[in-house]
Amino acid sequence: MTAFKLILVLHVIFGIIAFTAAPGAMMTKKGNLWHKRFGSAFFYAMMAVAASAFLLWTLGSQLFLMLIAVFSFYLAFSGYRAVKIKNGRAEKIDWFVAGSALIAGKSLVVLGALNLYRGESFGYVTLALGAGCAVSAARDLFRYARPVVDKQAWLINHLSKMLGAYIATVTAVSAVNFHFLPPVWRWLWPTIIIAPFIFMWVRKYRTRRSSLIKVSA
């Protein structure tokens, strides 16, 4: 077995672990032992997926796939770190990962523009994912520079980013296996279907928080 195939097998294994660990974290009570175990398994599996994707790129894999792996890991990392830095005081590693994600997002946008210039419709996928990565990373960098006052903001960031990272794992499964779908929809349907539920949940939580603050005042 060549080095490329070995790393590819490990990449798939870690992806399967991430895909199966996330529902465990979702279905267990937030903050308990099993929630933390499933969450940690998901995070470290995503780290391994990103690391193996980088190695595959150095051995000849597509730059696009490596950048997508960076985006996916950044979401998991940001969500994982939200629990560690509840006061919003980011450390050097947080700045580094968010900065790397911003570069990856901009790179995806450039790749998407080039694809569209060549007449490739898949460029829309690359543009959408790149824009999402760049905007999310830029928001994190802004938040690190100006920590929010809301003591519960970390919870919103934790859940939204972790769910976003899980969308990335579902997308990977779809892209590899759902060949009955057109290539563009194979990549975008998880975001189109799942992301609105994340936005609705965040909005509902913020509204409830605002109501509680007004009542207590």
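Anyway, here's the lowdown on the structure attached to this text. Here the residue numbering is sequential within each chain, running from 1 through the sequence in written order. Given that the model is predicted, a residue must reach a pLDDT of at least 70 before its local features are reported, and side-chain atom pairs must reach 80 or more before they are shown or counted; all residues, however, enter totals for whole chains, interfaces and linings. Excluded from the side-chain calculation are hydrogens and water; included are all heavy atoms of the structure.

Within an α-helix, residues lying three or four positions from one another point in the same direction, as the helix has 3.6 residues per turn. Compared with an ideal rise of 1.5 Å per residue, which puts 25 residues at 36 Å, helix 1 (residues 3-27) spans 37 Å between its outermost C-alpha atoms and is within 8% of the ideal. Three exposure classes are used, based on accessible area relative to the maximum for each residue type with a 1.4 Å probe and protein chains only: buried under 20%, partly exposed in between, and exposed over 50%. Secondary structure elements follow DSSP: runs of H or I of four or more residues count as helices, runs of E of two or more count as strands, with numbering from the N terminus. Restricting attention to buried positions, one finds in helix 1 the residues Ile 7, Ala 18, Ala 21, Ala 22, Gly 24 and Ala 25. Each element contacted by the buried residues of helix 1 is listed here: helix 2 (33-58) and helix 6 (153-177). To estimate the expected span of a helix, subtract one from its residue number and multiply by 1.5 Å. Any two residues whose heavy atoms approach within 4.5 Å at even a single point are treated as in contact.

This part covers the nonpolar core. Phe 42, Phe 43, Tyr 74 and Ala 76 are the most contacted members of the largest nonpolar core, which has 29 residues in total. Sorting elements by how many residues they give to this core places helix 3 (residues 63-84) first, with 7 residues. For Tyr 74, the residues in contact, after removing those within four places along its chain, are Val 97, Ala 98, Ala 101, Cys 133, Ser 136, Ala 137, Asp 140 and Lys 161. Formed by 11 residues, the second largest nonpolar core is a distinct cluster that contains Phe 64, Leu 108, Val 125 and Trp 187. In plain words, nonpolar cores are sets of buried Ala, Val, Leu, Ile, Met, Phe, Trp, Tyr and Cys residues tied together by side-chain atoms within 4.5 Å.

What follows covers the packing of aromatic side chains. The relative placement of two aromatic rings is captured by the distance of their centres and the angle of their planes. Pairing of aromatic side chains requires ring centres within 6.5 Å, counting the rings of Phe and Tyr and the six-membered ring of Trp. Pairs whose planes differ by under 30 degrees are stacked, by over 60 edge-to-face, and all others tilted. Considering all chains together, one arrives at 15 aromatic pairs under this definition. Here a set of aromatic residues connected by ring pairs shows up, and it is made of Phe 43, Tyr 44, Phe 73, Phe 77 and Tyr 80. We call a charge positioned above a ring when the Lys NZ or Arg CZ atom is no farther than 6 Å from the ring centre and deviates by at most 35 degrees from the ring normal. The residue whose ring lies beneath Arg 37 is Trp 34, and the NZ or CZ to ring-centre distance is 4.9 Å.

On to a nonpolar patch on the surface. Together, Leu 6, Val 9, Leu 10, Ile 13 and Ile 17 make up an exposed nonpolar region whose accessible area comes to about 380 Å². When you line up the elements, Val 9 lands in helix 1. Residues enter a patch when their relative accessible area is above 30% and they make no salt bridge; the linking distance is 9 Å between like charges and 5 Å between nonpolar side chains (Val, Leu, Ile, Met, Phe, Trp, Tyr). Surface exposure here means Shrake-Rupley accessible area, sampled with a 1.4 Å probe, where a residue is shielded only by the protein chains that are shown. Throughout this description, the term salt bridge denotes a Lys or Arg side-chain nitrogen within 4 Å of a carboxyl oxygen of Asp or Glu.

Quick look at the packing of helix 3 against helix 4 (residues 92-117) now. The interhelical angle for the contact between helix 3 and helix 4, taken along N-to-C directions, is 145 degrees, at an axis separation of 9 Å. Relative to helix 4, the crossing made by helix 3 is left-handed. Along its contact with helix 3, which presents Leu 63, Phe 64, Leu 67, Ile 68, Val 70, Tyr 74, Phe 77 and Arg 81, the element helix 4 presents Ile 93, Asp 94, Val 97, Ala 98, Ser 100, Ala 101, Ala 104, Ser 107, Leu 108 and Leu 111. In terms of residue class, the contact of helix 3 with helix 4 is built from 14 nonpolar, 2 polar and 2 charged. Axis definition: a line fitted to C-alpha atoms, limited for helices to the stretch in contact. Angles are taken between N-to-C directions and run from 0 to 180 degrees. By convention, the crossing between two helices is left-handed when the near helix turns anticlockwise from the far helix through less than a right angle, and right-handed when the turn is clockwise. In this count, Pro and Cys sit with the nonpolar residues alongside Ala, Val, Leu, Ile, Met, Phe, Trp and Tyr, while Asp, Glu, Lys and Arg are called charged and the others, Gly among them, polar.

Once their charged atoms are close, side chains differing in charge can pair, the charge on each being opposite to the other. Tallied over the entire structure, the rule returns 4 salt bridges. Here Asp 140 and Arg 143 are joined by a salt bridge, their closest N and O atoms 2.6 Å apart. With Asp 140 and Arg 143 both in helix 5 (residues 123-145), this residue pair falls 3 residues apart, about one helical turn. Here Asp 140 matches Arg 143 in class, with each residue buried.

Here we take up the environment of Ile 68. Considering the arrangement of structural elements, one finds Ile 68 in helix 3. Residue Ile 68 is classed as buried on the basis of its relative accessible area of 12%. For the pair Ile 68 and Leu 129, spaced 61 residues apart in the sequence, the C-alpha separation amounts to 7.9 Å. Apart from the residues within four sequence positions on either side, Ile 68 is in contact with Leu 108, Leu 129 and Trp 187.

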